[in-house]
Amino acid sequence: MTRVHEIKEEVIVPANHRQDETVKYHVCYGTVNWEKTEGAEREAIYVLMSYHGVKNYRVPAHLTLDNEGEKDFDKVMEAMRYLREKYKVWERYEVHQLEKTFH
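Presented here is a report on the structure given in the accompanying data block. The model shown is predicted, which means the values in this text are computed figures rather than measured ones.

1. So, the overall build of the protein chain
Then step 1. Across its full length, the protein chain carries one helix and four strands.
Then step 2. In the protein chain, the succession of helices and strands from N to C terminus is β-β-β-β-α.
Then step 3. Each of the 103 residues in the protein chain was classed as buried or not, and the buried ones make up 30%.
Then step 4. Surface summary for the protein chain: the accessible area is close to 7400 Å², and the carbon and sulfur share equals 48%.

2. Re the sheet that holds strand β3 (residues 42-51)
Then step 1. Taken in spatial order, the four strands of this open sheet run β1-β2-β3-β4, and their pairing is antiparallel. The outermost strands of the open sheet, each flanked by one partner alone, are β1 (5-14) and β4 (54-56). Going from strand to strand, the sheet's axes swing by 35 degrees on average, the running direction of each strand aside.
Then step 2. When strand β2 (residues 23-32) meets β3, the two strands line up antiparallel, connected through ten bridges. The partner of Gly-30 across the bridge, within β3, is Ala-44.

3. A short note on the pattern of salt bridges
Then step 1. Using the criterion set out here, one finds three salt bridges in the structure.
Then step 2. For Glu-10, the salt bridge identified is with Lys-55, shortest N-O distance 3.2 Å. Remark: Lys-55 occurs in strand β4 and Glu-10 occurs in strand β1; sequence separation between them is 45 residues.
Then step 3. Notably, a salt bridge pairs Asp-72 with Lys-75, separated by 3.5 Å at the nearest N-O pair. In this pair, Asp-72 and Lys-75 are both assigned in helix α1 (residues 72-93), three residues apart and thus about one turn of the helix distant.
Then step 4. Of the residues examined, Asp-72 reaches a relative accessible area of 0% and is grouped as buried.
Then step 5. Lys-75 sits in the buried class, given a relative accessible area of 9%.

4. What to know about the nonpolar core
Then step 1. Counting residues in each nonpolar core, the largest one holds twelve residues, listed as Val-11, Val-13, Ala-15, Val-23, Tyr-25, Val-27, Tyr-29, Met-49, Val-76, Ala-79, Tyr-82 and Leu-83.
Then step 2. Within the second largest apolar cluster, five residues are counted, among which are Cys-28, Val-32, Ala-44 and Leu-48.

5. Quick look at unusual backbone geometry
Then step 1. A positive phi angle is found at Lys-36, which is not glycine, with a value near 55 degrees.
Then step 2. Considering the arrangement of structural elements, one finds Lys-36 in the loop between β2 and β3.
Then step 3. In this structure, His-52 is a non-glycine residue whose phi angle is positive, near 55 degrees.

6. Points about the environment of Pro-60
Then step 1. Here Pro-60 shows up in the loop between β4 and α1.
Then step 2. Sequence-wise, Pro-60 and Leu-48 are twelve residues apart; in three dimensions their C-alpha atoms are separated by 7.0 Å.

Conventions we followed
Residues numbered from 1 in each chain as written. Predicted model: local features only at pLDDT ≥ 70, side-chain atom pairs only at ≥ 80, totals over all residues. Heavy atoms only, no water. Helix = DSSP H or I, 4+ residues; strand = E, 2+ residues; numbered from the N terminus. Buried < 20%, exposed > 50% of the residue type's maximum accessible area, 1.4 Å probe, protein only. Areas by Shrake-Rupley, 256 points an atom, 1.4 Å probe, with all protein chains shown as cover. Pairing = 2+ DSSP bridges. Axes fitted to C-alpha atoms, helices over the stretch in contact; angles between N-to-C directions. Salt bridge = Lys/Arg side-chain N within 4 Å of Asp/Glu carboxyl O. Core = buried A, V, L, I, M, F, W, Y, C linked by side-chain atoms within 4.5 Å.

Purely geometric numbers; function is a separate question.
Below, the structure is given as structure tokens:
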């Protein structure tokens, strides 16, 4: 199977699905190329999930909203904002790069 994406950086966020942290979100910055032809790459931020250390490319990432602490949705959105500001917005709109550790 030919991949349509290339990951340049990823922020790994433990999901609230399991307390043993075997389920994680991978908030990725990289390129996508759905046409699989040279020169058709586009920059993108996308979310994958891993289960027991193996990334799943068939199941869409699902951001739960029902945790009593910090919600998966909020953690993933924070990671997406970080990548967006680091790779896109700060150069065009003078937004300062974040220095943030995700747990």
